[in-house]
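Here is how the chains run, residue by residue.
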Amino acid sequence: MRYKLDITKDHCPMTYVKTKLELEKLSSGDILEVILKKGEPLENVPRTAEEQGNKIIEIKHLQDDIHIVVIEKG
Amino acid sequence: MANKKKISIVLFSGDFDRAIAAFTIASGAAAVNYEVNLFFTFWGLNTIKKEKGRKALGKGLLARAFNFLMGGFKNLPLSRLNFGGISPKLMTGLMKNRNVATLKELLEASIQLKTNFFACEMSMNILGLKKEDFIPEIKEVLGVAKFLKLSEDGEILFI
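(A) View of the packing of helix H1 (residues 14-25) of chain A against helix H2 (residues 40-51) of chain A. Residues and elements named next belong to chain A. At their nearest, the axes of H1 and H2 sit 10 Å apart, and the two run at 30° to each other. As judged from the angle between their axes, H1 and H2 are roughly parallel. Handedness of the crossing formed by H1 with H2: right-handed. Taken together, the residues of H2 that come into contact with H1 (itself represented by Thr15, Tyr16, Thr19 and Leu23) are Pro41, Asn44, Val45, Thr48 and Ala49. Class assignment for the residues of the contact of H1 with H2 results in five nonpolar, four polar and no charged.

The structure is reproduced here in structure tokens:
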């Protein structure tokens, strides 16, 4: 299954709190697309998702400072 | 994930803004895969009382008066410019407007991310409080020795 999470309006620490809680709900192999801003979220969300045993499929630039991180749940 | 990083936070203060700092670090650290311990002591115990408002908890007149005056989660004062308790409400409104997590949301996130809550035995004794006076997430009531054991090989913060 493919899921989407928009954290562009959130700030520390809810950006990674929401990502972690969303990933916990998914099953192994599920895909989560996280829409986020550059800076702290873009630096930390992919890194910590990977540290927790998930796989970063790709990071795309959408527009302006908005990026999308595609994570496969490990 | 053999060596999970660890942070242990002592929340001594019962101030609204300091509680925000404690629960921000707690939930943020848990979200980036830290093991998180939160120790509530003295004024910090007010943040985790089951009763969110003012209630004369505890044993003995003085303890009951103290607990009533301190209140619970809803009565936490701002450390500066409290203005009789209006400021924390204004601050919460500001936080909502700016899409920043409120104290309540940070506490809930800390619970959802399974941070460990502990209460200090000695200060509970002074204030005549029992484990049942606190939210059920309090894992254990303990003292300094157990706290040091639990926080071993990690960071310690005192707020």
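Back to the text.
(B) Structural view of the nonpolar core. Residues and elements named next belong to chain B. Among the nonpolar cores identified, the biggest contains 51 residues, and Ile9, Ala26 and Leu38 are the most heavily contacted of them. Broken down by element, this core gets its largest block of residues, 10 residues, from helix H1 (residues 16-31). Other than its neighbours up to four places away in sequence, Ala26 contacts Ile9, Val36, Leu38, Ser110 and Thr115.

Calculation rules
Residues numbered from 1 in each chain as written. Chains lettered and ligands numbered in written order. Predicted model: local features only at pLDDT ≥ 70, side-chain atom pairs only at ≥ 80, totals over all residues. Axes fitted to C-alpha atoms, helices over the stretch in contact; angles between N-to-C directions. Helix = DSSP H or I, 4+ residues; strand = E, 2+ residues; numbered from the N terminus. Parallel < 35°, antiparallel > 145°, perpendicular 65-115°, else oblique. Left-handed = near helix turned anticlockwise from the far one by under 90°. Contact = placed C-beta atoms within 7 Å. Nonpolar A, V, L, I, M, F, W, Y, C, P; charged D, E, K, R; others polar. Core = buried A, V, L, I, M, F, W, Y, C linked by C-beta atoms within 7 Å. Buried ≥ 20, exposed ≤ 12 C-beta atoms within 10 Å, placed from the backbone.

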